[in-house]
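Summary of structural features
Now for the letters of each chain:
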Amino acid sequence: MDNTVQPVDAETIGSEWVRLGHDDPLPLDSGEELSPFTVAYRTYGNLNEARDNAILLCHALTGDQFAADPSPVTGKAGWWQMLIGPGRPLDTDRFFIICPNVLGGCMGSSGPAEVNPETGRPWALTFPVITIGDMVRAQARLLDHLGIDQLFAVVGGSMGGMQALQWASDYPERVFASVPIAAAARHSAQNIAFHEVGRQAIMADPDWCGGNYIMQGTKPRRGLAVARMAAHITYLSEAALHRKFGRNLQNRSEFTYGFDADFQVESYLRHQGSSFVDRFDANAYLYITRAMDYFDLAQDHGGVLARAFADTPVRFCVISFSSDWLFPTAESRRLVHALNAAAANVSFVEVETDKGHDAFLLDEPEFHDTLVGFLEGAAEHRWGGGAS
Amino acid sequence: MTPQAPFLDDGVMRYDLRLTADMVTPGSRVLDVGCGDGDLLAYLQREKGVDGRGIELSMAGVRTCVSNGLSVIQGDADTDLKDYPTGAFDYAILSQTLPATHHPREVLQQLLRIGRWAVVSIPNFGHWKVRLSLALQGEMPVNEFLTDAWWETANIHYCTLRDFHHLCDLLDIRVEQGLVLNSRGRALRVPPRGSLANLMGQQAIFLLRRS
């Protein structure tokens, strides 16, 4: 068990990366700016000659740029491996998929675990607090760098869906289609509350060292694991947990009358917590959850969500999952009502499943059919009947 | 909502849907309320080049539509029309769905607020077969057109063609065009407002406009 943390360095992560903003700082919503800043990303497929077949794929809170190939940290398959590839919903024979690590992350893009070039020490809590808008602004700079004026689509689940919405709102002329999946136009009070539990767990761990654990040669393993355990429950559903574990006992036939992991569900959660700690930075968890908490598209538009999309040319496909209680269908419906009020072109599908919020990462044929159908229809409007 | 009218042979669009489509100007903006599996929307998009959107109550219908590349949302005619801006569409279409709504009057008003025109088709409960069923057997009609028994039909607000015209008068809605169809789905050559239409028409399609 590695109890120390090395600063994150884009060069060693094993994906494409670029350092931007040397002469042109990245302005942040907090009023601060970053110069320079790093964006690490992965691409799949090829950019066509017209440079108009790019799909920006935005990852969720604990995701990363390795969407369709094994993570160099865990060796596990990419988080959307089954959806990306030749002939798959995000067809790499047709589309150029770009998946950047978010600003504030810990897989090569600038974040608290990166070394501050000015001080030569890890940023830790001196890294500026970032927002979903800042993440998107950094991604827009990446597209400038790649020479892509307009995305065919921006697609993302959960926090990735927030970015898909922010993109459509901030850069409507640069997005042809937006697909927010299992997302919302604002983070709810309940979701902020869960995030706060996670953050408090991290900060209560003495090994967090006021955020300076990298310099102290420690790692807040217990705090981050508890944060993950609490969050992981919110990604599932009561039905899914019951189906998977019920009240089954873990490698034993009776209670131990102690506080060991008697139940399979406890053992499972403990495993989720401890394996997460090996691949994720605790401070990055603080920063990214904060960015999600601050997300409220309506607030930036006088409290009227429809104004965030006034006269939008973007085609939307909103997808929710029936058993998702973290980003429930009601939030998607609220978004759809606002899009209707803005006379936007919108499709909205609730996928029937008992797998909870995490369904967007799982094999859900109805969801995949919806995604394919929408992209197909959008491609027809973008390029006519022929292929791109 | 399940459309009440039967489908024709495989792949052939229901005749009433084709007549509905005929009332729509090519290239216009269309909202199909209760669009089912999207047959009419797809046809309008393909044959008439309209910019089409749909609302459908059943999720299965919505998924079919979106999987086929149509812009359709899951929603309810009774509650979700109010979100759309006034005059957002040239045509708001409601096929065979009006009797299934909780508030037909409000729905009709919303259609004509959202669309410059509304195309509304309704089953006629004044049809002679319905009258006979009630008069001779004393039973609610079940026939080749009204296929569901009273306890399973989606229709909760029954009206005759005459009733419908009364409502249009009440709401200052002008009927610009009316097609009355017989039991074979063919247009009858009768005045759409007359007693004969109300007796012989199994369904009717109206092009409506605010007066």
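Residue and element names in this part refer to chain B. The grouping of Trp128, Leu132, Leu136, Leu196, Leu199 and Met200 at the surface amounts to a nonpolar patch, some 550 Å² of accessible area in total. Elements supplying a minimum of two residues to the nonpolar patch: helix H6 (128-137) and helix H8 (195-200). If you trace the backbone, Leu199 turns up in helix H8. Among the residues examined, Leu199 registers a relative accessible area of 30% and is labelled partly exposed.

Residues and elements named next belong to chain B. Topologically, Pro123 is positioned in strand S5 (residues 115-123). On the basis of relative accessible area, Pro123 is assigned to the buried category, the value being 1%. Considering only alpha carbons, one finds Pro123 and Leu146, 23 residues apart in sequence, at a separation of 8.1 Å.

Moving on to the pattern of salt bridges. Counted by the stated rule, this structure contains 29 salt bridges over all chains. Close ionic contact of Arg243 of chain A with Asp354 of chain A constitutes a salt bridge, the shortest N to O distance being 2.7 Å. In this pair, Arg243 of chain A is assigned in helix H7 (residues 238-244) and Asp354 of chain A in the loop between strand S12 (345-351) and helix H11 (365-383), connecting sequence segments 111 residues apart. A relative accessible area of 29% means that Asp354 of chain A is categorised as partly exposed. A salt bridge links Lys129 of chain B to Glu144 of chain B; its shortest N-O distance comes to 2.8 Å. Taken as a pair, Lys129 of chain B in helix H6 and Glu144 of chain B in the loop between H6 and helix H7 (161-170) lie far apart in primary sequence, 15 residues in all. A relative accessible area of 24% places Lys129 of chain B in the partly exposed class. For Glu144 of chain B, a relative accessible area of 40% puts it in the partly exposed group. Connected through shared salt-bridge partners, Glu196, Arg199, Arg290 and Asp293 of chain A make up one network.

Right, let's get into the confidence of the model for chain B. On average, chain B scores 91 in pLDDT, and the residues at 70 or more come to 94%. A low-confidence stretch, residues 1-11 of chain B stays under pLDDT 50, and its non-local contacts, those more than four residues away or across chains, total 23 contacts.

Okay, unusual backbone geometry next. Residue and element names in this part refer to chain A. With an omega dihedral of -5 degrees, the bond running from Ser35 to Pro36 counts as a cis peptide bond. Here Pro36 shows up in the loop between strand S3 (33-34) and strand S4 (37-44). Of note in this structure, Asn251 is not a glycine but carries a positive phi near 50 degrees. Residue placement: Asn251 occurs in the loop between H7 and helix H8 (264-277). Given a relative accessible area of 74%, Asn251 falls into the exposed group. The backbone phi angle of Asp311 is positive, close to 55 degrees, even though this residue is not glycine. Inspection of the secondary structure assignment puts Asp311 in the loop between helix H9 (282-294) and strand S11 (315-321).

Residues and elements named next belong to chain B. Following the sequence through the fold, Ser133 ends up in helix H6. For Ser133, the side chain forms a polar contact with the main-chain oxygen of Glu139, separated by 2.8 Å. With sequence-adjacent residues up to four places away left out, Ser133 is seen in contact with Gly138, Glu139, Met140 and Pro141.

Listed by partner, the interface residues are 18 residues for chain B and 24 residues for chain A. The contact between chain B and chain A buries some 1700 Å² in all, and 49% of this surface belongs to carbon and sulfur atoms. The interface formed by chain B and chain A holds one salt bridge in total. In this assembly, chain B and chain A are joined by 13 residue pairs in polar contact (both at pLDDT 80 or more).

Parameters and conventions
- Residues numbered from 1 in each chain as written.
- Chains lettered and ligands numbered in written order.
- Predicted model: local features only at pLDDT ≥ 70, side-chain atom pairs only at ≥ 80, totals over all residues.
- Heavy atoms only, no water.
- Patch = residues over 30% accessible without salt bridge, like charges linked within 9 Å, V, L, I, M, F, W, Y side chains within 5 Å.
- Areas by Shrake-Rupley, 256 points an atom, 1.4 Å probe, with all protein chains shown as cover.
- Salt bridge = Lys/Arg side-chain N within 4 Å of Asp/Glu carboxyl O.
- Helix = DSSP H or I, 4+ residues; strand = E, 2+ residues; numbered from the N terminus.
- Buried < 20%, exposed > 50% of the residue type's maximum accessible area, 1.4 Å probe, protein only.
- pLDDT = per-residue confidence, 0-100.
- Contact = heavy atoms within 4.5 Å.
- Polar contact = N/O pair within 3.5 Å; in protein donor to acceptor, adjacent residues only side chain to side chain.
- Buried area = accessible area lost by both parts, 1.4 Å probe.

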